[in-house]
Amino acid sequence: MPAKIVFHAKIESVSILDEQGNFDAKLGKDVIPDTDVVRLYEHMTICRQFDEVAFKLQRSGRMGTYPENRGQEAVSLGAVYALHPDDWLVPCYRENCGLFWRGLPMEYILLHWMGDERGNEIPRDLYMTPQAIPIGTQMLHAVGLAWAGKYRKKDSIACAFFGDGATSEGDCHEALNFAANLDLPVVFVCQNNGWAISVPTKMQCSAPTLAQRGLAYGMECVQCDGNDIFAMAKVVGEAAERARRDHRPTFIEALTYRLGDHTTADDARRYRDEAELKKWLKRDPLIRIRTYLQQRKLFDDSREKALQARAREEVAAAVKRAEEIAAPTSSDMFDWLYAEMPGELATQRATLRTSGLGQDPSQLQEQSPAPSRNP
Amino acid sequence: MPRSIEFREAIREAMCEEMRRDARVFLLGEEVAQYQGAYKVSRGMLKEFGPRRVIDAPISENGFSGLGIGAAMYGLRPIIEFMSWSFSLVAADQILNNAPKMLYMSGGQFPIPIVFRGNGGAGGQLGSTHSWCVESMYANVPGLKMAIPFDAYDAKGLLKTAIRDDNPVFVLESERLLSVKGEVPEGDYLVPFGEAAIRRQGTDCTIVSFGRPLYFCLEAAESLAAEGIECEVIDGRTVRPLDIETISRSVARTNYCVVVDESWPFASIGAELAAQIHVLNFDDLDNHVVRVQADDVPAPYAYNLEQEMLPNARKICEAVRAVTYAA
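Residues numbered from 1 in each chain as written. Chains lettered and ligands numbered in written order. Predicted model: local features only at pLDDT ≥ 70, side-chain atom pairs only at ≥ 80, totals over all residues. Heavy atoms only, no water.

Visitor: Explanation requested: the overall build of chain B in the structure shown.
Guide: Along chain B, the regular secondary structure elements total twelve helices and 14 strands. When the backbone C-alpha atoms are referred to their principal axes, chain B occupies close to 60 × 40 × 40 Å. Each of the 327 residues in chain B was classed as buried or not, and the buried ones make up 63%. Considering only contacts in chain B between residues 6 or more positions apart, those separated by 24 or more positions represent 81%. Mean positive and mean negative side-chain charge positions of chain B (31 and 44 charges, respectively) differ by 7 Å. (Helix = DSSP H or I, 4+ residues; strand = E, 2+ residues; numbered from the N terminus. Buried < 20%, exposed > 50% of the residue type's maximum accessible area, 1.4 Å probe, protein only. Contact = heavy atoms within 4.5 Å. Lys, Arg positive; Asp, Glu negative; His and termini not counted. Charge placed at Lys NZ, Arg CZ, Asp CG, Glu CD.)

Visitor: Whenever I open this one, the sheet that holds strand β8 (residues 250-255) of chain A confuses me. Can you help?
Guide: Strand pairing in a sheet takes place through backbone hydrogen bonds and is either antiparallel or parallel in direction. Residue and element names in this part refer to chain A. Spatially, β1-β7-β8-β4-β3-β2 is the arrangement adopted by the six strands of the open sheet, whose pairing is parallel. The outermost strands of the open sheet, each flanked by one partner alone, are β1 (13-14) and β2 (88-90). Where strand β7 (residues 220-225) and β8 come together, six bridges link them in parallel fashion. In the strand pairing of β8, Gln 223 is matched with Glu 253. Packed onto the sheet, helix α2 (residues 73-82) meets β2, β3 (158-163), β4 (186-192) and β8 and runs at close to 175° relative to β3. (Pairing = 2+ DSSP bridges. Axes fitted to C-alpha atoms, helices over the stretch in contact; angles between N-to-C directions.)

Visitor: Explain the sheet that holds strand β9 (residues 197-200) of chain B here, please?
Guide: Residue and element names in this part refer to chain B. Taking strand neighbours across the sheet as the criterion, the five strands line up as β9-β11-β10-β13-β14 in an open arrangement whose pairing is mixed. Two strands in the sheet have a free side with no partner beyond their single neighbour: β9 and β14 (290-293). Averaged over neighbouring strand pairs, the angle between their axes works out to 25° when direction is ignored. Pairing of strand β10 (residues 205-209) with strand β11 (residues 231-235) involves five bridges; the strand directions are parallel. The residue of β11 that forms the bridge with Ile 207 is Val 233.

Visitor: Is there a simple way to think about the nonpolar core in this case?
Guide: Soluble globular proteins tend to bury their nonpolar side chains together. Ranked by internal contacts, the top residues of the largest apolar core, which has 83 residues, are Trp147(A), Phe188(A), Phe116(B), Phe170(B), Leu273(B) and Ile277(B). With nine residues, the single largest contributor to this core is helix α5 (residues 137-151) of chain A. (Core = buried A, V, L, I, M, F, W, Y, C linked by side-chain atoms within 4.5 Å.)

Visitor: Help me understand the interface of chain B and chain A in this model?
Guide: The extent of an interface is frequently quoted as the accessible surface area lost upon association of the parts. The partner chain A presents 43 residues to the 49 residues of chain B that form the contact. Together chain B and chain A conceal approximately 3900 Å² of surface at their shared face, both sides included; 60% is due to carbon and sulfur atoms. The largest share of the area that chain B buries against chain A comes from Leu67(B), Tyr74(B) and Tyr104(B), three residues that together contribute 21% of it. Between chain B and chain A we count one salt bridge in total. We note a salt bridge from Lys145(B) to Glu340(A), for which the minimum N-O separation is 2.7 Å. Taken together, the links from chain B to chain A amount to 24 residue pairs in polar contact (both at pLDDT 80 or more). Of all elements in the fold, only β2 (25-29), α3 (61-73), α4 (92-97), α5 (102-105) and α10 (269-280) of chain B reach the threshold of two or more residues within the side of chain B that touches chain A. Of all the elements, α3(B) adds the most residues to the side of chain B that touches chain A, at ten residues. Tallied by class, the residues present in the side of chain B that touches chain A amount to 25 nonpolar, 15 polar and nine charged. (Buried area = accessible area lost by both parts, 1.4 Å probe. Salt bridge = Lys/Arg side-chain N within 4 Å of Asp/Glu carboxyl O. Polar contact = N/O pair within 3.5 Å; in protein donor to acceptor, adjacent residues only side chain to side chain. Nonpolar A, V, L, I, M, F, W, Y, C, P; charged D, E, K, R; others polar.)

In structure tokens, the structure reads:
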């Protein structure tokens, strides 16, 4: 008896505005009105300025580490544009552009990378979780947030962002399986930027697409041009609708490219082909929208000049705000460990000594630790 | 009205009462719904609360732990059941690296009111990989609370407190105790965290422990009483927070102390207790604190070897005699 085919698979790849500036009017109809395209372009330009300034802050010793977002702005921006304001955003660390669009003040991201945890004190009404620096862990939290939203009969969904590297983590696979099995409203947005630090995507996954990882878990999946904000907004909008209407998850593989290094602690020139970078520089999402606007006479050089000035001004003001925030005091490190302050921790807080555990508090003097220059 | 029920029934009562009281509480874990719990702890709960609140999870401990954390971030109060705490090791990143740090790292924005519970401990001849006593390793992590109930009364009262707590709470239920019956009041009562219980009063030596080894401590105390050594047996009840004051006050009276801990000796709860008592009772002690711990080997599979590896009444008697110079 001949074997039967029990499963057929296909993966669609969506592109609306390509790198030559060709626009698919049919597919792109009503995805983003022109007035919004202008606003999104302006926002993306400011984010690019933010990225460049953050990089320089690190190089001049005013910031610890910074992961450049350059080249990937359209992924998170297109996604957040397509979502509701109370849909949960569950980011990793290359989603600045989308987070700022939602309303996160820029100084939060600066503070975070300047080594101040207060950058993670994200206002609850923004419906976003702190940047997840371990890889893939946040995907399960997105599933839980979606679970809670469904449980509480809310209309909100959750959108998890993660890189190609995260798709090798168990957390990713467990998250996909739970979301599909439990019918949860999650949009998984994989930013495939080609590289997990120095390991190219082809060395992480033998399959031709990452999108098909979602197929194995029984969910809709699609690939799209992540440097095309129209494609991003369209596929995320459709996925969000599916999540809201049917409580079904979607896996989106957004093809993009990390134009910079992994972080400021990395130097991609040591492992990355210059020709590949040059190819992707031409696919920069900013250039593409600018071309779109130019073709339709929605933007011109004088507006561009004014925009550049505004970007410099806004980012400089954010840097000023971040740097004006006084360093945390040493007793702050004991706050928010528990929802209430346990007695033994209060003793440690008062004495600034870990040896407060098991000590007679009356024998300990309050003291401030001297700053140490030891490594 | 107190009546005698099994330890596992007491756990179930705690969960059911809290789920009736608070619609935000739900139970998620392997085999908890259709199968009524791998150890029948959740028997009848699916029928009462339905599949929305009693959920069978795929075999994916890291997955449902992370899901629980996310749900807690959006206002729910999950109870996550591990079939065995031994299986929680694959979820270490979520339960140790995420749950106890989320509130801290978000500057107070995301409390994680979650309970991780399940049976644990050695002594069931389940082999080393299924016989973990995780308490020492996990208690090292700040940001979590940990309760180890000794009897059915505490199993209910401590678990209810855990479910109402706004922090991640680890509740370790000894697999060997699940069928042990005890007097448990019907209806609502709480056993507060950070309040040790004196299980037996005595004047000659303080014995401190948590959970199942307390039965060996009490057994040892009875035979030592016949020798004229009256031991005070203290149940710490919660490891975090730790009621070191009650323990220290007892040692100040007895001047001798034995700590009994079924986890491995190196960097353990037993070591921590000994260190704290040495500091707090330096002037009271007439001998150093002696620890009775599991031997420093994986739990052996053979019944006789496993019993020998764990703390038992004989070892505790020997320790008390030695520390009180009665040997």
